[in-house]
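Coordinate analysis (summary)
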Amino acid sequence: MTKTVNTPAASPRVVVIGAGIVGCSLADELTARGWSDVTVLEQGPLPAPGGSTSHAPGLVFRTSPSRTLSAFATYTVEKFSALEVDGLSCFNPVGGLELATTEERLAELHRRAGYAASWGIHGEIVSAERCKELWPLLDESRVLGGFHTPGDGLARAVLACRAQRERAEARGARFLERHTVTGIERKEGRVTAVVTDRGVFPADHVVSAAGFWGPVVGRMAGVDVPLLPLAHQYAKTGPLPELAGVNDPRTEASRPILRFQDRDLYFREHTDRIGIGSYAHRPLRVDPFTVPAYDEAPVMPSSYPFTPEDFAPSWEDCRTLLPALAAGEIEEGFNGVFSFTPDGMPLLGESRSLRGFWLAEAVWVTHSAGVAKAVAEWMVDGRPGVDVHECDLTRFEDVHRSPAYVHERGAQQFVEVYDVLHPLQPMERPRPLRVSPFHARQQELGAVFLEGGGWERPHWYEANAPLAEGIDLPARDDWSARFWSPIAAAEARATRERVALYDMTPLRRLEVTGPGALAFLQRMTTNNLAKKPGAVTYTLLLDESGGIRSDLTVARLAADRFQIGANTPADEDWLLRHAPDDVRIRDITSGTCCIGVWGPLARALVQPLTRDDFSHQGFGYFRAKQTYLGHVPVTAMRLSYVGELGWELYTSADLGLRLWDTLWEAGREHGVIAAGRSAFNSLRLEKGYRSWGHDMTAEHTPYEAGLGFAVRMDKGDFVGRAAVEKAGEPRRRLTALLLDDPAAVVLGKEPVHVDGVPAGYVTSASYGYTLGRCVAYAWLPPLDAGTAVHIEYVGEKVTATVAEEPLFDPDMSRIRR
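Residues numbered from 1 in each chain as written. Predicted model: local features only at pLDDT ≥ 70, side-chain atom pairs only at ≥ 80, totals over all residues. Heavy atoms only, no water.

1. Describing the pairing of strand E35 (residues 632-637)
This is how the line gets drawn: Only protein chains enter the area calculation, which uses a 1.4 Å probe; residues under 20% of their type maximum are buried, those over 50% are exposed, and those in between are partly exposed. We count a stretch as a helix when DSSP gives it H or I for four or more residues in a row; a strand needs E for two or more, and each element gets its number in order from the N terminus. A pair of strands is labelled paired if DSSP reports no fewer than 2 bridges between them.
Burial runs high along E35: 5 of the 6 residues are buried. One ladder, built from 6 bridges, connects strand E34 (residues 624-629) with E35; its direction is antiparallel. When the sheet's bridge partners are listed, Ala-624 is paired in E35 with Met-637. If you look at the hairpin formed by E34 and E35, you'll find 2 residues sitting between the two strands, and Gly-630 has a positive phi there, around 65 degrees. Sheet topology places E35 next to strand E36 (residues 646-652); 3 bridges connect them, and they run antiparallel. The residue of E36 that forms the bridge with Ala-636 is Leu-649.

2. Some words on the sheet that holds strand E11 (residues 174-176)
What holds strands together in a sheet is hydrogen bonding between their backbones, with the strands either parallel or antiparallel. Heads up, the rule is: Inter-axis angles, ranging from 0 to 180 degrees, are taken between N-to-C directions of lines fitted to C-alpha atoms, where helices are fitted over the stretch in contact. Only heavy atoms matter for contacts: two residues are in contact if any of them lie within 4.5 Å across the pair.
Across the sheet, 6 strands lie side by side as E11-E2-E1-E15-E24-E23; this open sheet has mixed pairing. Edge positions in the sheet fall to E11 and strand E23 (347-350), since each has one partner strand and no second. Strand-to-strand twist across the sheet, computed as the mean angle between neighbouring axes with direction ignored, equals 20 degrees. Pairing of strand E1 (residues 14-17) with strand E15 (residues 205-208), which is carried by 4 bridges, proceeds in the parallel orientation. Residue pairing in the sheet places Val-14 in a bridge with His-205 of E15. Strands E1, E15 and strand E24 (357-361) of the sheet are contacted by helix H7 (residues 214-221), whose axis makes an angle of about 170 degrees with E24. Along the sheet face, helix H9 (residues 368-381) touches E1, E15, E23 and E24 and points at about 15 degrees away from the line of E23.

3. Some details on helix H19 (residues 677-687)
The buried count for H19 comes to 9 of 11 residues, which makes it a mostly enclosed element. Of the positions making up H19, those classed as buried are Ser-678, Ala-679, Phe-680, Ser-682, Leu-683, Arg-684, Leu-685, Glu-686 and Lys-687. Summarising the contacts, the buried residues of H19 are in contact with strand E26 (455-461), helix H14 (487-497), strand E27 (500-503), strand E33 (592-598), strand E40 (757-768) and strand E41 (773-780). In the segment just after H19, Gly-688 is the residue with positive phi, at about 85 degrees.

4. So, unusual backbone geometry
For the peptide bond that leads from Leu-46 to Pro-47, omega is 15 degrees, which places it in the cis range. Mapping Pro-47 onto the fold places it in the loop between strand E2 (38-41) and helix H2 (52-55). The backbone of Lys-749 sits at a positive phi, close to 80 degrees, despite the residue not being glycine. With respect to the element layout, Lys-749 can be found in the loop between strand E38 (733-739) and strand E39 (751-754).

See below:
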């Protein structure tokens, strides 16, 4: 018979599953915020229970294309640097050095230096000679340059676990080793307890920080955990004469952690030996349900036997880069297990299907303390202090959760860890997954598809290539020319001059119905939705702190029926968490489709197809009508995300192809074209339309983002209102920039320098074909129009000027006609 273990109820009862680096960090962060009733359950022995933390080599490189991951890593370095055990710091700031042996990699390091500057991380591009000074064992003749980050280094993960465990225990937390979780109890949709082989632990909150065992714990809770455990090779050389007497055995290392990404390798010192990690081998999948228990594992559960045949090619690459290894040998090695998700990001947040059950999974030591801080803030305060939408467990579509997808994409994430990846580069497999009803017609027109949210999304159409002839465009560098075509300029011009069809099907659509629908949406959003049926309203979802969770377009189609244009699965999740019993919310995206018909000839195309009045007087801007176009019933909304006259036309998926053909045939006399996302992005930036997740997130408020017009303080209470009322004058603003040189382009995430100092970063950018300049939006301190700034693009500074918004059609005459 199992026994129930009771504890004092001074604070919410939290049970953390897993005493690795994430579980220990989380216990410390929770208890520091006053939640002292924390129990950490660990199936293995402490202090090194046998998970990924126990074998982690501890390398911490903070720079990432993801601002969120860089913030997590920066906090991890700061925290571990302040922790000591027996006089030894939990972080050794030896610095980091990334090498380039090809021109392509050197350009990538310049981009990484730009990310570092954007996110506030000190780093610099250094010469091959400087690389040799930092790492004397290098053959500098093979090196073109490097990226040096002095603040990076080695986390002593097991020591950091101990330090944080002791602090948490001093505040009331308990750490219980040799407790194997066997079940999760629940009642009425809430977690109530964790069952172990040594007792039942009642809980108000349960956090799965089980690492690669996450899917095992998730199955007990009935919660999907889409991650794939993979084994990664790590080896140590024998003692090297060149390192004799160089390092203190207690600190182990004095030279920077080293990355040789061109061969998928990294290195660190272990006193007089060198540790080598390799991602160059085949993906070695591990079934988390068959991992041996601690006492049954030959070494530890996360350590699998070394496979020399997989390491052999990497060993030759090591000897080439570090000639001192030519006479050396690999003395020991293992294949260490850790976690990959389909997009390479952590899994964080609370399950909606089982309230009180949280995930803190797929987290590397690099980001561990930062993740723990964010999750603790989320649990205690209701929101994390940094934007975590890239890590939110709700981010995956259903199609991304199949075991086949998780296995294939998780393995590919392993393969691509050190690859040079373009921000627009789509995955190659598995595709296609989701296609709109127009897919066949798009293929006939030579659509070049990229991918987003599982959808095949045309970026331009080769059928429009003749339209690009004669358009004078500046030459592009190799990087900005990838996944781009001058055809996009022709499609943008055709939209401005004639009319174009845009496939808007991937736009998420929610239907909100019920007698309480209006009151609910009024409470959840910032703008006033109490308008007659037929009204369309742009509005915002805020959190309680006034941060922008999302932006929405809400059409009131009937007294108690609304259609919402949303962004991510998190929007539906947020609304469902707050919805009363008299409100129904459902995602209608897959059963519907949408075509954007935009351009000065849009009305001439659409009006002959319907008996309803589509004139400006009969169908005003931001209005909706349910009508017929030819034989097709549609919901037409007079909206424009490209700054031109037009409509979004919605119908059911089964009628989508008929709608496309109807519009295409009617548009022939007007020179209609199909246009893609590349032109779309250019047009929306010329008009100053924001893109949530890129231009603003929950870290930003409406007035900072230039969206104060969507906040109606006279409508009554709404989520985030109190915070908005208390907010002072913005100390940063989303700022429009025009690059001065017509030939210059930037792509996004580049640092922006004001008076020679990094002051912000680019969020979105695209060449504005109408304006003849690249348009960029950036988070910067408040600056007057006309202020000169510099944007750092691949190591070069390009000049730009702060511009008044909107850059195109400021009087809205092209839309309102």
